[in-house]
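Reading the structure
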Amino acid sequence: MNTTLLFPHYFRYIGWGLILAFLGTWGYLELHPDSGIDGYLTIHVSNDWLSTFYDTTSLDFTDEIMCIALIAGLLFIGFSRERLEDEMINQLRLKALQASVYLNYALLMLAIMLIYGLGFYNILMYNMFTVLLFFIVYFQLTLRKNRRMARRMLAF
């Protein structure tokens, strides 16, 4: 079976490290908003070309780096190989991906009908991550259920 589009198994651990780094940084920034971490990831531009597009002469990349770390971590966890990768696991992965896309867009359609203004913008921001989150949760649950059933069948 061809699984060349999957990351190696150890990428799962790298993904968990990226997610833990994201959660740690996000939690620290929520508890200490004036901590000065933003200053390390801010680029100050001395000329006026930036001020023609924005109201500032500095760019803060904290949120962008944190979102990239979260997306990369979720991708590494969701699309890394299992230790024993076979066609059944590939089929479960495909089913989980399909179900997560359906669920995500059903929730997005519900949000379109019920939420307006700035709250909808926040929903769209979270929507970037929910497809991967739903996929990982659904895939891991079905994988555990399938392994539990296989152990029961072997016990008989």
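Numbering of residues starts from 1 in each chain and follows the order in which that chain's sequence is written. The predicted origin of the model limits local features to residues at a pLDDT of at least 70 and limits the giving and counting of side-chain atom pairs to 80 or more, whereas totals for whole chains, interfaces and linings rest on all residues. Think of the side-chain values as coming from all heavy atoms in the structure, minus any hydrogens and water.

We now examine the side chain of N127. Where helices and strands are cited, they refer to DSSP runs of H or I of at least four residues and of E of at least two residues respectively, numbered from the N terminus. Of note, N127 is situated in helix α5 (residues 118–155). Exposed residues in this analysis have more than 50% of their type's maximum accessible area, buried residues have under 20%, and partly exposed residues fall in between, with area computed by a 1.4 Å probe over protein chains only. Assessed through its relative accessible area of 14%, N127 is described here as buried. A polar contact is formed between the side chain of N127 and the side chain of N104, at a distance of 2.9 Å. We call two residues contacting when some pair of their heavy atoms lies within 4.5 Å. Excluding its chain neighbours within four sequence positions, the residues that come into contact with N127 are N104 and L108. For this analysis, a polar contact is any N or O atom pair within 3.5 Å, provided that within protein one partner can donate a hydrogen and the other can accept it, and provided that sequence-adjacent residues contribute only side-chain to side-chain pairs.

The space that makes up the largest pocket amounts to roughly 460 Å³. Top contributing element to the lining of the largest pocket by residue count: α5, with six residues. Looking at the lining of the largest pocket residue by residue, the classes come out as eleven nonpolar, one polar and three charged. Lining residues are defined by having an atom within 4 Å of a point belonging to a cavity or pocket. Those points lie on a 1 Å grid over the protein atoms alone, cavities being sets where a 1.4 Å probe fits but cannot get out and pockets being open sets with protein on both sides within 12 Å along at least five of seven lines. Grid points are joined across faces, edges and corners, and a volume is the space filled by probe spheres set on the points. Amino acids are sorted into nonpolar (Ala, Val, Leu, Ile, Met, Phe, Trp, Tyr, Cys and Pro), charged (Asp, Glu, Lys and Arg) and polar (every other residue, Gly among them).

Grouping buried Ala, Val, Leu, Ile, Met, Phe, Trp, Tyr and Cys residues that are joined through side-chain atoms within 4.5 Å yields what is termed a nonpolar core. Counting 18 residues, the largest nonpolar core has L70, L74, F135 and F139 as its most contacted members. Looking at this core, the elements that each hand over two or more residues are α1 (11–31), α3 (62–78), α4 (87–114) and α5. Element by element, the count of residues in this core is highest for α5, at six residues. Excluding residues within four positions of it along the chain, L74 makes contact with I19, F129, L132, L133 and I136.

What follows covers the packing of α1 against α3. At a closest axis distance of 7 Å, the pairing of α1 and α3 adopts a crossing angle of 150 degrees. In this view, α1 runs roughly antiparallel relative to α3, as classed from their interaxial angle. Pair α1 / α3 crosses with left-handed handedness. Taken together, the residues of α3 that come into contact with α1 (itself represented by F11, R12, I14, G15, W16, L18, I19, F22, T25, W26 and L29) are T62, M66, A69, L70, A72, G73, L74, F76 and I77. A per-class count over the contact of α1 with α3 returns 15 nonpolar, four polar and one charged. Think of each axis as a best-fit line through the C-alpha atoms, taken over the contacting stretch in the case of a helix, with angles from 0 to 180 degrees between the N-to-C directions. Roughly parallel covers angles under 35 degrees, roughly antiparallel covers those over 145, roughly perpendicular covers 65 to 115, and oblique covers all other angles. Put simply, a crossing is left-handed when the front helix is turned counterclockwise from the back one by less than a right angle, and right-handed when it is turned clockwise.

What follows is about the packing of α3 against α5. The geometry of α3 relative to α5 is characterised by a closest axis approach of 10 Å and an angle of 30 degrees between their N-to-C directions. Taken together, the axis directions place α3 and α5 in an arrangement best described as roughly parallel. The handedness of the crossing between α3 and α5 is left-handed. Residues C67, L70, I71, L74, L75, I77 and G78 of α3 form the contact with α5, whose participating residues are F129, L132, L133, F135 and I136. For the contact of α3 with α5, the residue count by class is eleven nonpolar, one polar and no charged.

A few words on the pattern of salt bridges. The salt bridge criterion pairs a side-chain nitrogen of Lys or Arg with a carboxyl oxygen of Asp or Glu, the two atoms within 4 Å. Throughout the structure, instances matching the rule amount to three salt bridges. In this structure, the salt-bridge partner of E82 is R12, at a minimum N-O distance of 2.8 Å. Pair noted here: E82 is in the loop between α3 and α4 and R12 is in helix α1, with a separation of 70 residues, a long-range link. When sorted by exposure, E82 lands in the same class as R12, which is buried. The closest approach of N and O atoms between R147 and E82, which form a salt bridge, is 3.3 Å. Of this pair, R147 sits in helix α5 while E82 sits in the loop between α3 and α4, and the two are 65 residues apart along the sequence.

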